[in-house]
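Residue-level listing of the chains:
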Amino acid sequence: MNGLSRRHFLATSGVMAGTLASDPLHAQLGIRMDQKLFPAPPVNRGVTGELPPFAVRVLSKAAYGPTRGDVEAFDGLPGGSDFARLQAWVEEQLNPTAIDTEVDTRFAAAGTEFRTILASDFELWTQYVRSDEGSVRTRPFSELDRLTYLRGAYSRWQFREVISDFWNNHLHVYSRTNNETQGFMPSYERALRGDAAGNGLFGNFFDLLLGSARNAAMLYYLDNYRNSWPNPNENYAREVLELHTLGALENYYGAVDPATVPDNAFGQRAGYTEIDVFQFARALTGWGVADGDDGAPDTGAFLFRPDRHYDEHGSEPIQVMGVTINADGGENDVLQILQHLAEHFGTARFIAGKLCRRLVGDNPPESLVQSAAMEFYNRRNDSDQLREVYRHILLSAEFQNTWADKSRRPLETMLRMWRAAAIDFTPTVDNADGSRNRIASDINNRLEAAGQRPWNIEVPTGYPDFKAYWQGTGTLVASWRLVTYLLSRRDTNGDNFVLNIAQQVNILLPNANDRTPLQIGNTLTLAALGFLPDPTTMSKIVLFIAEQAGITLNEPIDNGTGIDSSDLGNSNYQKIMRGSMALIVLLPVGQRR
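Residues numbered from 1 in each chain as written. Predicted model: local features only at pLDDT ≥ 70, side-chain atom pairs only at ≥ 80, totals over all residues. Heavy atoms only, no water.

### Description of the overall build of the protein chain
To keep things clear, this is the line we draw: Helix numbers and strand numbers start at the N terminus; a helix is a DSSP run of H or I with at least 4 residues, a strand a run of E with at least 2. The atom set for the radius of gyration is the C-alpha atoms, and the globule formula is 2.2 Å times the number of residues raised to the power 0.38. Summary of the burial criterion: residues with accessible area below 20% of their type's maximum are buried, those above 50% are exposed, and those between are partly exposed, where the area comes from a 1.4 Å probe applied to protein chains only. We call two residues in contact when some of their heavy atoms are within 4.5 Å. Here, Shrake-Rupley sampling with a 1.4 Å probe gives the accessible areas, and only protein chains in the shown set may cover a residue. Residues scored as positive are Lys and Arg, those scored as negative are Asp and Glu, and His as well as the terminal groups of each chain are ignored. Where a charge sits is defined by one atom per residue type, namely NZ (Lys), CZ (Arg), CG (Asp) or CD (Glu).
The number of helices and strands found in the protein chain is 28 helices and six strands. The C-alpha radius of gyration of the protein chain comes to 26 Å, within 12% of the 25 Å expected for a compact globule of 593 residues. Its C-alpha atoms give the protein chain principal-axis dimensions of roughly 90 × 55 × 45 Å. Of all 593 residues assigned to the protein chain, the portion counted as buried reaches 58%. Long-range pairs, those at least 24 residues apart, make up 71% of the contacts in the protein chain between residues at least 6 apart in sequence. Total accessible area on the protein chain is roughly 22700 Å²; 48% of this is exposed by carbon and sulfur atoms. Positive and negative side-chain charges in the protein chain, numbering 55 and 71 respectively, have mean positions lying 7 Å apart.

Structure representation (structure tokens):
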């Protein structure tokens, strides 16, 4: 029995050109091109061609993919149409409660393994940031990695996790910048998520922006923790304008006189200049952290130092994007500017475009971006501004009909497989006996090799959200290694597989005579993808199983040489099932969203 080699996987998972008639195995098994091997999947014609079932599209774009039963549950929602069911699903997802049973149960069972997640800001700063032990200082961001996987894999509130990832990248902090970011990351993540129901993510953008601006992790990451006049640091001021609000392209006017920048249709100065960056940096002087310096307490809390703030407003007012500050407003200088930026139409346009790119496709229709921007702008003073912008996009015709304009990034690939395969594993830093949880550590390492460990990219742009960036061979191979690794891991005691895929197949196909390549292929594909793709792709999957077992399509797999489907250990049967699941998850059709 041949194993699933990387070469075989890459060849099989590539673009499948030609016909099955040219496949030697196809000819060997005597399969006719007109032979109907598989039940025809439901197919709709849309903007991007053949579409999987509606529920699969929704759960693949606004969630991390369906678990078994999710498609049926979606189709059972009230309403007589796909749109009515979508409305019901969106309404539930946009109003998460504080209760998330599966996550809460696993979190509680882990005991002290998530102790830094529950620690107060003061405790994080004094016990972890200020620790002399490296392993203690790094524990908070290590726990946050694992909590990200736990929530993504098991949360009932899937949209909250997807949109949390969006904001983690939009207002990005690199967790390994220094001791302060490593030890304070749970605090920063709380600043973005908000309360237990995640209302920060569903609230007003200004509050999200301000929470980020005042957190020690962001203050240290972008060098704003000790900003002093007369030598202001421009890093944070520039990134707020370029990345967090107006964007670096359409609203940037370069090194010109701000007076020459025209107004937009809403009577606002249309964009910013280099002078605005410097003026904003002046306003930010005095912002910092209570870090024990100059007699301040050493708590990690936000601290404004008036003696370091620009104090010549009378002779030279601060002017940013048309906002003029004549009197010394201290900390309020910045609040006025942030409020103006948060309420600017350019910000609405920039963020709406990124949200549409995340939820719809790399090149979302201009009409949707514009309407989402107007929703963002018109609700700029609403407490649920972001919730309504999400609703607008999720209920749009573009969201409903667009498919395959996005490719799964490595973290999304892992979580999709984790959910589809019903993996029972709580990722923690340590095991119950105090030993290192090697599986969770290896997940981190392999995601890092694939290029998407959470909070682990140095540049302030966060991880790219364009399909082309993630379609290189290196990313594909690293994702393949991650998926096959998870499929072969055993638990802490080495007794059981974290995912015993052979056992799961046997539960789904209890009669050994039904365990044929054809039946196994259909069963595994439905479990992994939630639907059966086109016949050509399905043929590749079934033929792969038949080739590995050395049998024909309709023979029970036990007829293969040395194969016993009742052997659920590290057997030939287990290896075939493991390779088949990896193949299905990483086929192009499994990577689309």
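### Remarks on the nonpolar core
What tends to happen in soluble globular proteins is that the nonpolar side chains get buried as a cluster. Stated precisely, the cut-off is as follows: To define a nonpolar core, start from buried Ala, Val, Leu, Ile, Met, Phe, Trp, Tyr and Cys residues and group those joined through side-chain atoms within 4.5 Å.
Core analysis: the biggest nonpolar cluster contains 154 residues, and Phe-159, Trp-167, Phe-280, Met-414, Trp-418, Ile-557 and Met-577 have the highest contact counts within it. A total of nine residues in this core trace back to one element, the largest contributor, which is helix α27 (residues 572-586). Discounting residues that sit within four places of it in the chain, Met-577 has contacts with Ile-501, Ala-502, Val-505, Ile-520, Leu-524 and Ile-557. Among the nonpolar cores identified, the runner-up in size contains five residues, and Leu-518, Val-542, Leu-543 and Ala-546 belong to it.

### Details of the environment of Ser-60
Let me state the cut-off plainly: N or O atoms closer than or at 3.5 Å make up a polar contact, with two conditions inside protein: a donor-capable atom paired with an acceptor-capable one, and, for residues adjacent in sequence, both atoms drawn from side chains.
The topology assignment puts Ser-60 in helix α3 (residues 54-61). A residue is classified by how much of its surface remains accessible, and Ser-60, at 1% relative accessible area, is buried. In this structure the side chain of Ser-60 is engaged in a polar contact, spanning 3.4 Å, whose partner is the side chain of Arg-416.

### A short note on empty space enclosed by the protein
Cut-off, in case you're wondering: The pocket and cavity definitions rest on a 1 Å grid over protein atoms only: a 1.4 Å probe that fits but cannot leave marks a cavity, an open set with protein on both sides within 12 Å along at least five of seven lines marks a pocket, and residues lining either have an atom within 4 Å of a point. Grid points are joined across faces, edges and corners, and a volume is the space filled by probe spheres set on the points. Residue polarity follows a fixed list, in which Ala, Val, Leu, Ile, Met, Phe, Trp, Tyr, Cys and Pro are nonpolar, Asp, Glu, Lys and Arg are charged, and the others, Gly among them, are polar.
A complete count under the given rule lists two cavities of 30 Å³ or more for this structure. Taken as a whole, the largest cavity holds about 220 Å³ of empty space. As for the largest cavity, its lining consists of 19 residues, of which Thr-148, Asp-165, Asn-168, Leu-411 and Pro-454 are closest to the centre. Where the lining of the largest cavity is concerned, the elements lending two or more residues are α9 (134-154), α10 (158-170), α11 (179-193) and α21 (410-420). Here the lining of the largest cavity takes five residues from α10, the largest share from any one element. In the lining of the largest cavity, the residues fall into seven nonpolar, seven polar and five charged. Approximately 30 Å³ is the volume found for the second largest cavity.

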